[in-house]
Amino acid sequence: MSRSHVLESNLSTISYPSHIITINKMIKNIVFDFGGVLVQHDFIAYFSDYFHSEEKARQFFAQALPHSFSDEVDRALHPFHYYIERQQRQWPEYADAIDRFDKHFADMFTGETEGMYEWMCQLKAEGYRLLGLSNWSAKVHEVIDRFPRVFSPLEDSLISYTCHYLKPEREIYELFLSKFGVRPEECVFIDDRPDNMRARERLECMESFSMIWTNSNSPSNSLLRSRVEGCKKHQDD
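## Focus: the pattern of salt bridges
- One pass over the structure, following the stated rule, counts 16 salt bridges.
- Glu72 serves as the salt-bridge partner of Arg86, at 2.5 Å between the closest nitrogen and oxygen. Of the two residues, Arg86 sits in helix H5 (residues 80–90) while Glu72 sits in helix H4 (residues 67–75), which places them 14 residues apart along the sequence.
- The salt bridge partner of Glu185 is Arg183, with a shortest N-O separation of 2.4 Å.
- Overall, the relative accessible area of 10% leaves Glu185 in the buried class.
- By relative accessible area, which is 45% here, Arg183 ends up partly exposed.
- Here the salt bridges share partners, and the residues they tie into one network are Lys28, Arg183, Glu185 and Glu186.

Here you go:
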């Protein structure tokens, strides 16, 4: 049977973490993204309350804190406050809101992904090595401190702000493999960004990676819609 197929499972009722080993018996390491995978957030809802308007909240992020800002703080070529102060100078009308984003970052996170902690514990009991790989600024520690339980099963992590590379860049994956002494064909990566999933198609170094996409936009955070792409080199072993 081919090792590439679509898997759908409900994490709140999952009783078979061995699904992954059934798909690919070579998998030894389960690698988790953080935001949208381990924990959920709703920046728009938080700032809709702040501005008393969802439209104004969306406008705030589109103008003052766009995706390019997120990439910059996650790469962290400068301290986080450098980017905050720069955006405040550029958008003085949003200075207070930007300050609130900085000082209340963890408040925008709504909680653990439903059932994720239990699933991780099951995987760990099955003998899998649980690791983290995430694009995040130094603010990640505020979220970990807020929701320590769901991060506790992880043995260790590589966070983008510490190495100045971002997924889906080749360098961050190569650094991950080197840091933890793992082989790509023995890893499965769980992520919520389709761009990171498509990286395997673009980067030769990732040909052997297995990847799962979790749709965090599902009506229920417990729904894991997964595409598991088995190792090409061993697909029909």
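Next, the rest of the story.
## Some points on the packing of H5 against helix H6 (residues 95–103)
- At their nearest, the axes of H5 and H6 sit 9 Å apart, and the two run at 160 degrees to each other. Between H5 and H6, the angle is such that the two are roughly antiparallel. You can see that H5 and H6 cross each other, and the crossing is right-handed. For the pair H5 and H6, the contacting residues are Phe80, Ile84, Gln87 and Gln88 in the first and Ala95, Ile98, Asp99, Phe101 and Asp102 in the second.
- Each residue belonging to the contact of H5 with H6 can be placed in one class, and the counts come to 5 nonpolar, 2 polar and 2 charged.

## Topic: the nonpolar core
- In this structure, Ile30, Phe32, Leu38, Phe47, Phe60, Phe101 and Trp136 are the most contacted members of the largest nonpolar core, which totals 45 residues.
- For Leu38, the contacting residues outside a window of four places in its chain are Phe32, Asp33, Glu112, Thr113, Met116, Met120, Val150, Phe151 and Leu154.
- The next biggest cluster of nonpolar side chains, apart from the first, holds 13 residues, and it includes Cys163, Phe176, Phe180 and Cys187.

## Here's the deal with the layout of surface pockets
- Its volume calculated, the largest pocket comes out at about 1100 Å³.
- For the largest pocket, the lining is made up of 36 residues, of which His41, Phe43, His67, Ser70 and Asp192 are closest to its centre.
- Secondary structure elements with two or more residues in the lining of the largest pocket: strand S3 (39–41), helix H2 (43–51), helix H3 (54–63), H4 and strand S4 (109–112).
- When residues of the lining of the largest pocket are assigned to their parent elements, the largest contribution, 6 residues, is made by H4.

Definitions and cut-offs
- Residues numbered from 1 in each chain as written.
- Predicted model: local features only at pLDDT ≥ 70, side-chain atom pairs only at ≥ 80, totals over all residues.
- Heavy atoms only, no water.
- Salt bridge = Lys/Arg side-chain N within 4 Å of Asp/Glu carboxyl O.
- Helix = DSSP H or I, 4+ residues; strand = E, 2+ residues; numbered from the N terminus.
- Buried < 20%, exposed > 50% of the residue type's maximum accessible area, 1.4 Å probe, protein only.
- Axes fitted to C-alpha atoms, helices over the stretch in contact; angles between N-to-C directions.
- Parallel < 35°, antiparallel > 145°, perpendicular 65-115°, else oblique.
- Left-handed = near helix turned anticlockwise from the far one by under 90°.
- Contact = heavy atoms within 4.5 Å.
- Nonpolar A, V, L, I, M, F, W, Y, C, P; charged D, E, K, R; others polar.
- Core = buried A, V, L, I, M, F, W, Y, C linked by side-chain atoms within 4.5 Å.
- 1 Å grid on protein atoms, 1.4 Å probe; cavity = no way out; pocket = protein on both sides within 12 Å on 5 of 7 lines; lining within 4 Å.
- Points joined across faces, edges and corners; volume = space filled by probe spheres on them.

Everything listed here is a matter of geometry and, on its own, says nothing about what the molecule does.
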